[in-house]
Amino acid sequence: VNRLKKINLSGIYLKEEALRYYPQESLASQVVGFLDADGQGQYGVEGSYDDILRGKEGVLEAEKGPAGFLINDKNGAIENGSDIFLTLDYNIQFRAEKLLEEAKENLRFEEGEIIVSDPKTGKILALANFPSFNPNKYSEVPDLAVFQNSSIQKVFEPGSVVKPITMASALQEEKITPQTTYVDEGFLKIGGYTIRNYDKRTWGKRTMTEVLEKSINTGAVFVQKQLGNSVFEEYLGKFGIFEPTGIDIKGEVFSKNKELKKGYEINFATAAFGQGVEMTSLQLVRAFSVIANNGKLIKPYIVEKILEKDKVKETRPEIQNPSVISQKTATQLTAMLISVTENGFAKGARVPGYYIAGKTGTAQIPWGALGINRKGYSDKTIQSFIGFAPAL
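Throughout what follows, the structure given in this document is the object of discussion.

Below, the discussion takes up the overall build of the protein chain. Per the secondary structure count, the protein chain includes 13 helices and 17 strands. By residue count, 43% of the 392 residues in the protein chain fall in the buried class. The contacts of the protein chain with a sequence gap of at least 6 include a subset with a gap of at least 24, amounting to 64%. Of the roughly 22,000 Å² of accessible surface on the protein chain, 49% is carried by carbon and sulfur atoms. The distance from the centre of the 48 positive side-chain charges to the centre of the 48 negative ones in the protein chain is 5 Å.

What follows is the structure, given as structure tokens:
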């Protein structure tokens, strides 16, 4: 550029233009979003905070003296954009995305997510999606769906990771205790439907803690029946399943779960173990954080602070429901979930020196979610794990 300026070719004019460049490239791309060719923020934080980041353009008015020197200038309505600081922890986000890349090679999955949050504040420490994209080259992306942040823009039936929510509700209503027992016969019938356990296993007499350890579907239905349909639905609402999280990222969706709310007995029964009830991944994380946060439902957020004209505006944690469950219930359920990782199907989540409270889940994907006009479930599944540490 400097050489061209020195050459001073006739008819050649040089113009400097400000462009957005993303030095971290694909890191947290769905969280960040990008600026399009017209300078408009698209997706993610770029879309949500476009006006704040953009600032205001104006006209520079100036007066010149006889010799051509500036003697007065007014900076119109020009305002520089603000600086936004995210809650993401670089090291955790980087590691999360690396784990997804490695898992893709080992497990050959189509999509993957890792969410890490602080359950006490709602601060998002990592929000990783696979596949991702390079926002510096967004125009080269062949499938526009990759711009979507699956954690907030796709609903799914989560499967057995919902069982702790069912269990928490019944514990809170004192319908069960961790030691309450029931006898599993391997299946149960509701109307013309038959509900079975994973791999069609029969577990016999089991405690509620063992229902979580072995992830017994019929046990979850037993718990839901102790609550009753209306109370169970009420608790799903308290855990935030029927409303968006309100996170400050553009494009959040949620399901009103109209099918569940029709009130059919079979729908509530299957919802007890996470089938036939829809939510986003972040809704699930927010709900599970209630257990780690002594019963409080907290709003997740991604922008930690905004620096505008030397003034700092910090995001303060916001409690959306202060009493979903009691501290006693949260403590009871935490002990049960520790037993899941110590003695149950989630042993792979154990970390030496720490107690981990968690639950695994396997959910079948409905044909309708795949765009196929057909009732029932496909052979495709969503595998998940949710938990918190240190749990004690």
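A separate point is the sheet that holds strand β5 (residues 83–86). The pairing of strands in a sheet comes from backbone hydrogen bonds and takes either a parallel or an antiparallel form. Read across the sheet, 3 strands follow the order β5-β13-β14 without closing on themselves; strand pairing throughout is antiparallel. Both outer strands of the open sheet, β5 and β14 (311–314), are each paired with one neighbouring strand and no more. Here the average twist between neighbouring strands, direction ignored, is 20°. By the bridge criterion, 4 bridges tie β5 to strand β13 (residues 303–308) in an arrangement that is antiparallel.

Glancing now at the nonpolar core. In terms of nonpolar packing, the biggest core is built from 73 residues, with Met 167, Met 208, Phe 239, Ile 241, Ile 302, Leu 333 and Leu 337 touching the most fellow members. In contact with Leu 337, not counting residues within four places along its chain, are Pro 164, Leu 212, Phe 288, Ile 291, Ile 356, Ala 357, Gly 358 and Lys 359. Ranked by size, the runner-up nonpolar core spans 7 residues in total, among them Tyr 22, Leu 35, Val 141 and Phe 147.

On the secondary structure map, Ala 145 appears in the loop between β7 (124–130) and α6 (150–153). It is 41 Å that separates the C-alpha atoms of Ala 145 and Gln 327, two residues lying 182 residues apart in sequence.

Looking now at the packing of aromatic side chains. Applying the stated criterion to the full structure yields 12 aromatic pairs. Between Phe 34 and Phe 147, the ring centres sit 4.9 Å apart and the planes meet at 55°, which makes this aromatic pair tilted. Residue Phe 34 is located in strand β1 (residues 34–35), and its partner Phe 147 is located in the loop between β7 and α6; the two are separated by 113 residues in the primary sequence. Between Phe 109 and Phe 130, the ring centres sit 5.9 Å apart and the planes meet at 90°, which makes this aromatic pair edge-to-face. Here Phe 109, found in the loop between α5 (90–107) and β6 (112–117), pairs with Phe 130, found in strand β7; they are 21 residues apart in sequence, far enough to count as distant. Members of the aromatic cluster, connected to one another through ring pairs, are Phe 34, Tyr 43, Phe 133, Tyr 138 and Phe 147. The positively charged end of Lys 305 is found above the aromatic ring belonging to Phe 85, 4.8 Å away from the centroid.

The geometry of helix α9 (residues 217–227) relative to helix α10 (residues 229–238) is characterised by a closest axis approach of 6 Å and an angle of 105° between their N-to-C directions. Comparing the axis directions of α9 and α10 gives the class roughly perpendicular. On the side of α9, the interface is formed by Gln 224, Lys 225 and Leu 227, while α10 contributes Asn 229, Val 231 and Phe 232. Of the residues belonging to the contact of α9 with α10, the class tally is 3 nonpolar, 2 polar and 1 charged.

On to the environment of Pro 135. Locating Pro 135 in the fold gives a position in the loop between β7 and α6. A sequence separation of 87 residues divides Pro 135 from Phe 222, and the C-alpha atoms of the two residues are 49 Å apart. Setting aside anything within four residues of it in sequence, one finds Pro 135 in contact with Tyr 22, Glu 25, Ser 26, Ser 29, Gly 33 and Phe 34.

This part takes up the environment of Gln 179. Here Gln 179 shows up in the loop between α7 (163–172) and β8 (181–184). Each C-alpha atom, one on Gln 179 and one on Arg 206, is 8.8 Å from the other, the two residues being 27 residues apart in sequence.

This next bit is on unusual backbone geometry. Residue Pro 131 follows Phe 130 across a cis peptide bond; omega there is 5°. On the secondary structure map, Pro 131 appears in the loop between β7 and α6. Here Ala 389 and Pro 390 are connected by a cis peptide whose omega angle stands at -10°. Checked against the element boundaries, Pro 390 lands in the segment after β17 (377–388). Phi is positive for Ala 28, close to 55°, though the residue is something other than glycine.

Applying the stated rule across the entire model yields 12 salt bridges. With a shortest N-O distance of 3.8 Å, Arg 95 and Glu 102 are connected by a salt bridge. Across the pair Lys 380 and Glu 110 runs a salt bridge, and its minimum N-O distance is 2.8 Å. Of the two residues, Lys 380 is situated in strand β17 and Glu 110 in the loop between α5 and β6; the sequence distance between them amounts to 270 residues. With relative accessibility at 39%, the residue Lys 380 sits in the partly exposed group.

This part is about the side chain of Thr 245. You can see Thr 245 is positioned in the loop between α10 and α11 (265–271). A relative accessible area of 0% means that Thr 245 is categorised as buried. Of the polar contacts made by the side chain of Thr 245, one reaches the backbone nitrogen of Ile 247; its length is 3.2 Å. Within the structure, Thr 245 has its side chain in polar contact with the side chain of Glu 252 (distance 2.7 Å).

The rules we used
Residues numbered from 1 in each chain as written. Predicted model: local features only at pLDDT ≥ 70, side-chain atom pairs only at ≥ 80, totals over all residues. Heavy atoms only, no water. Helix = DSSP H or I, 4+ residues; strand = E, 2+ residues; numbered from the N terminus. Buried < 20%, exposed > 50% of the residue type's maximum accessible area, 1.4 Å probe, protein only. Contact = heavy atoms within 4.5 Å. Areas by Shrake-Rupley, 256 points an atom, 1.4 Å probe, with all protein chains shown as cover. Lys, Arg positive; Asp, Glu negative; His and termini not counted. Charge placed at Lys NZ, Arg CZ, Asp CG, Glu CD. Pairing = 2+ DSSP bridges. Axes fitted to C-alpha atoms, helices over the stretch in contact; angles between N-to-C directions. Core = buried A, V, L, I, M, F, W, Y, C linked by side-chain atoms within 4.5 Å. Phe/Tyr/Trp six-rings, centres within 6.5 Å; stacked < 30°, edge-to-face > 60°. Lys NZ or Arg CZ within 6 Å of the ring centre and 35° of its normal. Parallel < 35°, antiparallel > 145°, perpendicular 65-115°, else oblique. Nonpolar A, V, L, I, M, F, W, Y, C, P; charged D, E, K, R; others polar. Salt bridge = Lys/Arg side-chain N within 4 Å of Asp/Glu carboxyl O. Polar contact = N/O pair within 3.5 Å; in protein donor to acceptor, adjacent residues only side chain to side chain.

By themselves, these observations are geometric and do not establish any function.
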